[in-house]
Amino acid sequence: GEALGLFEEAYQPLLGVSARVVSTLSEEQLLSLLTSGSMPDLRRVATVLELLKVEADLLDEAGNRAAAVHRYRRALALAGFLAARSEALLDAALAADLAERAAAMDLSAAQRLQLARVLEALGRYADAEDAVFEAIDADPDDPAPVEAGIAFCQRLLALDPQRLAAGGLPLEEVKASLAELLRRQPVVADEEPPPAW
């Protein structure tokens, strides 16, 4: 429809490519397109995130679920990236709505970690922790989600305990989760065998 035609024009100046090209890019490609260079413009990421979200909502309302989910996933990737770098630029209402929608979607381990980042930025620490453990369970052999979970716990340990409790994850639980994750870390064999004496 006409509204979606406006998106075609909106993406062009932001990304330097047409909406048609944008639609063929993976989440990773879209992120690298937006953030290439040593100093990524996070405001631009925030703007494209908002566009994707509005576009996805319109498609969803129009009954085009598949196209909407495709855009929600990309929006989630951008929101996770933004949450990790500038919580201030992440629109809380948009992020909360995106998190609700993402919870109902089939997500990969990487996407669950993006969701965890968004929930963390919203101060929903217990929900974020659930998403981290779901990412680990989705791909138990991949060390990346475990490492992401350890980093998550370490970030939380730096916060005020009252803030943690308000987010549903008291300090003791953060410590317990960290211990659990450290136990789950895959054992990496030494690169070189020890010398045989």
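Quick notes on the rules
- Residues numbered from 1 in each chain as written.
- Predicted model: local features only at pLDDT ≥ 70, side-chain atom pairs only at ≥ 80, totals over all residues.
- Heavy atoms only, no water.
- Helix = DSSP H or I, 4+ residues; strand = E, 2+ residues; numbered from the N terminus.
- Contact = heavy atoms within 4.5 Å.
- Axes fitted to C-alpha atoms, helices over the stretch in contact; angles between N-to-C directions.
- Parallel < 35°, antiparallel > 145°, perpendicular 65-115°, else oblique.
- Left-handed = near helix turned anticlockwise from the far one by under 90°.
- Buried < 20%, exposed > 50% of the residue type's maximum accessible area, 1.4 Å probe, protein only.
- Lys, Arg positive; Asp, Glu negative; His and termini not counted.
- Salt bridge = Lys/Arg side-chain N within 4 Å of Asp/Glu carboxyl O.
- Phe/Tyr/Trp six-rings, centres within 6.5 Å; stacked < 30°, edge-to-face > 60°.
- Lys NZ or Arg CZ within 6 Å of the ring centre and 35° of its normal.
- Core = buried A, V, L, I, M, F, W, Y, C linked by side-chain atoms within 4.5 Å.

**Focus on the environment of Leu82**
Here Leu82 shows up in helix H5 (residues 65-85). In this view, Leu82 contacts Leu42, Val45, Ala46, Leu49, Glu87, Leu89 and Leu90; residues no more than four positions away in its chain are not counted.

**Section: the packing of helix H8 (residues 125-138) against helix H9 (residues 143-157)**
In the contact formed by H8 and H9, the axes pass within 8 Å of each other and the chain directions differ by 160°. The angle between H8 and H9 places the two elements in the roughly antiparallel class. For the pair H8 and H9, the crossing hand works out as left-handed. Between H8 and H9, the contacting residues are Tyr125, Ala128, Glu129, Val132, Ala135 and Ile136 on the first element and Pro145, Val146, Gly149, Phe152 and Leu156 on the second.

**Some details on the side chain of Glu129**
Looking at the secondary structure, you find Glu129 in helix H8. Of the side chains with opposite charge, Arg184 lies nearest to the buried Glu129, which makes no salt bridge, at 9.8 Å. When neighbours within four sequence positions are excluded, Glu129 is seen to be in contact with Phe152, Leu169, Glu173 and Ser177.

**Structural notes on the packing of aromatic side chains**
If you walk through the whole model with that rule in mind, you get zero aromatic pairs. Taking NZ or CZ as reference, Arg85 lies 3.8 Å from the ring centre of Phe81, over its face.

**Remarks on the nonpolar core**
Of all hydrophobic cores here, the largest spans 59 residues; its most connected members are Leu15, Val48, Leu49, Leu78 and Leu115. Broken down by element, this core gets its largest block of residues, 11 residues, from H5. Setting aside chain neighbours within four positions, we find Val48 in contact with Tyr11, Leu14, Leu15, Leu34 and Leu78.

**Some words on the pattern of salt bridges**
Throughout the structure, instances matching the rule amount to 15 salt bridges. A salt bridge links Glu134 to Arg112, with the shortest nitrogen-to-oxygen separation between them at 3.1 Å. Pair noted here: Glu134 is in helix H8 and Arg112 is in helix H7 (residues 109-121), with a separation of 22 residues, a long-range link. Of the residues examined, Glu134 reaches a relative accessible area of 39% and is grouped as partly exposed. With relative accessibility at 19%, the residue Arg112 sits in the buried group. Of the charged contacts, one joins Glu120 and Arg155 as a salt bridge, the two residues approaching to 2.8 Å between their closest N and O atoms. Residue Glu120 is located in helix H7, and its partner Arg155 is located in helix H9; the two are separated by 35 residues in the primary sequence. By relative accessible area, Arg155 is classed as partly exposed at 28%.

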